[in-house]
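Below, each chain spelled out in residue letters.
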2 protein chains.
Amino acid sequence: MQKPPRIHAVKPVTSSRLFHVEEVHLEFSNGERRIYERLANRGNGAVLIVPLLKDDTLLLIREYSAGTGRYELAFPKGHIEAGESPLEAANREIMEEVGHGARDLHLLRSISVSPGYMQHHTHLVLARDLYPKQMEGDEPEPLEVVPWKLHDMEELLLQDDFTEGRSLLALFLACDWLKQHQ
Amino acid sequence: MQKPPRIHAVKPVTSSRLFHVEEVHLEFSNGERRIYERLANRGNGAVLIVPLLKDDTLLLIREYSAGTGRYELAFPKGHIEAGESPLEAANREIMEEVGHGARDLHLLRSISVSPGYMQHHTHLVLARDLYPKQMEGDEPEPLEVVPWKLHDMEELLLQDDFTEGRSLLALFLACDWLKQHQ
């Protein structure tokens with residue numbers, strides 16, 4: 001294992017409503033110096049949830065995504081609000097986005113999204129034992145909820161609007177977990 | 001399928017060396033208006049490579065990641081340079097980062113990283129039929145190359161510095177592909 005670099009300074013570079021860029025002044029153990037930019041995490045991270053209805057049906061959403069500029073099929077997700085645990089945030093998000101709460105929430109894995117230049121972490125959560133419960137979200141238009149049979153997972157993987165890395169990974173992890181626990 | 005929103009304007013908000021924030025002025029088909037921020041993609045996207053040595057050994061790297069502020073175990077990755085195809089970029093990156101070229105490169109999947117607020121795409125590539133070939137990279141210190149037997153994948157999943165979502169997904173996709181093609 002390498003001796004970690006010394007951090008000489010962390011300085012804000014620029015900010016917008018959503019993004020906070022800072023630079024990290026590093027000196028590696030061999031004396032090499034680098035200034036790297038990263039996106040600072042001002043929030044509490046995010047959750048992405050695999051909601052499983054009646055143990056055989058995944059609930060996805062199709063939502064306009066301003067980053068890619070098109071509708072994307074993905075699992076519900078959102079930011080963790082102040083004072084919420086990741087599992088509480090997961091339960092709130094599925095009430096807002098797919099109209100269900102869950103009695104059984106399980107953390108599959110916490111992942112980094114782009115560790116080289118983002119502090120951000122996302123918690124991937126499996127939600128089971130669902131019950132109908134709708135909470136108001138802040139979406140500009142009603143989200144399309146897309147039910148998908150678990151045994152048609154191969155077909156889901158072929159959908160060309162199902163591109164989000166975190167959703168794809170969550171699907172694999174949920175299937176693995178279910179295989180081991182059923 | 002929803003009628004997509006009208007894009008009234010895309011305006012630059014702020015820039016740094018690495019990041020370019022812009023706002024997208026949207027009007028949804030129901031008349032709702034929103035201004036969303038996103039990170040614009042000024043480059044050609046990225047590649048992440050699963051290098052497979054002798055069909056039984058994965059090559060990973062352990063590298064200091066300024067975003068999370070610690071050493072992370074992950075597959076080699078990097079930006080696609082101007083004029084390069086994703087597979088050419090993949091081959092260059094593994095020469096720089098794990099000291100091997102590949103005679104057999106296969107695109108597993110192209111993914112979006114965070115479609116809500118990033119334009120960025122990453123191409124996940126499986127590299128086989130490797131041969132020793134070192135190219136100079138721009139790393140501040142030598143990368144630690146970590147060989148991992150494919151049949152010890154479960155153990156790899158348990159490593160607490162193996163957190164990157166794209167690397168985890170690429171591992172699942174590579175294993176699936178190998179199962180179907182061996």
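Residues numbered from 1 in each chain as written. Chains lettered and ligands numbered in written order. Predicted model: local features only at pLDDT ≥ 70, side-chain atom pairs only at ≥ 80, totals over all residues. Heavy atoms only, no water.

*Asks:* Account for the sheet that holds strand S2 (residues 20-27) of chain A, with residues named and values stated.
*Replies:* All names here are of chain A. If you walk across this open sheet you meet the three strands as S1-S2-S3, and the pairing is antiparallel. Edge positions in the open sheet fall to strand S1 (6-15) and strand S3 (33-39), since each of these has one partner strand only. Each strand of the sheet is rotated relative to its neighbour by a mean of 20°, with strand direction disregarded. In this sheet, S3 lies alongside S2 in antiparallel orientation, the contact comprising seven bridges. By the bridge assignment for S3, Val 21 is matched with Leu 39. (Pairing = 2+ DSSP bridges. Helix = DSSP H or I, 4+ residues; strand = E, 2+ residues; numbered from the N terminus. Axes fitted to C-alpha atoms, helices over the stretch in contact; angles between N-to-C directions.)

*Asks:* Would you mind going over the interface of chain A and chain B in detail, with residue names and values included?
*Replies:* Listed per partner, the contact involves 63 residues of chain A and 63 residues of chain B. The contact between chain A and chain B buries some 5,700 Å² in all, and 59% of this surface belongs to carbon and sulfur atoms. In this assembly, chain A and chain B are joined by zero salt bridges. Counting across the chain A and chain B interface gives 33 residue pairs in polar contact (both at pLDDT 80 or more). Of all the elements in the fold, those that place two or more residues in the side of chain A that touches chain B are S1, S2, S3, strand S5 (57-65), strand S6 (70-74), strand S8 (100-112) and helix H3 (165-181) of chain A. No other element matches the seven residues that H3 of chain A contributes to the side of chain A that touches chain B. Across the side of chain A that touches chain B, the residue classes break down as 29 nonpolar, 18 polar and 16 charged. (Contact = heavy atoms within 4.5 Å. Buried area = accessible area lost by both parts, 1.4 Å probe. Salt bridge = Lys/Arg side-chain N within 4 Å of Asp/Glu carboxyl O. Polar contact = N/O pair within 3.5 Å; in protein donor to acceptor, adjacent residues only side chain to side chain. Nonpolar A, V, L, I, M, F, W, Y, C, P; charged D, E, K, R; others polar.)

*Asks:* Describe the sheet that holds strand S2 (residues 20-27) of chain B, listing the residues and the values that go with them.
*Replies:* All names here are of chain B. Ordered by their spatial adjacency, three strands build an open sheet running S1-S2-S3, and the pairing between neighbours is antiparallel. Looking at which strands have only one partner, the edges of the open sheet turn out to be strand S1 (6-15) and strand S3 (33-39). In this sheet, neighbouring strand axes are inclined to one another by 20° on average, regardless of whether the strands run parallel or antiparallel.

*Asks:* Mind laying out the domain arrangement of chain A, listing which residues take part and the relevant values?
*Replies:* Domain annotation for chain A reports domain 1 (6-39) and domain 2 (45-180). Computed from C-alpha coordinates alone, the two centres of domain 1 of chain A and domain 2 of chain A are separated by 32 Å. (Domains from an automatic or database assignment.)

*Asks:* So what's going on with the nonpolar core? Which residues, and what values?
*Replies:* Counting residues in each nonpolar core, the largest one holds 56 residues, and the members touching the most others are Leu 58 of chain A together with Leu 58 of chain B. If sequence neighbours within four positions are ignored, Leu 58 of chain B has contacts with Val 50, Pro 51, Leu 52, Phe 75, Val 146, Pro 147, Trp 148, Leu 150, Leu 156 and Leu 171 of chain B. (Core = buried A, V, L, I, M, F, W, Y, C linked by side-chain atoms within 4.5 Å. Buried < 20%, exposed > 50% of the residue type's maximum accessible area, 1.4 Å probe, protein only.)

*Asks:* So what's going on with unusual backbone geometry? Which residues, and what values?
*Replies:* If a residue is not glycine, its phi is most likely negative; likewise, a peptide bond is most likely trans. The backbone of Lys 54 of chain A sits at a positive phi, close to 55°, despite the residue not being glycine. In this fold, Lys 54 of chain A is placed in the loop between strand S4 (46-53) and S5. One non-glycine residue, Asp 55 of chain B, lies in positive phi territory at about 60°. Considering the arrangement of structural elements, one finds Asp 55 of chain B in the loop between strand S4 (46-53) and strand S5 (57-65).

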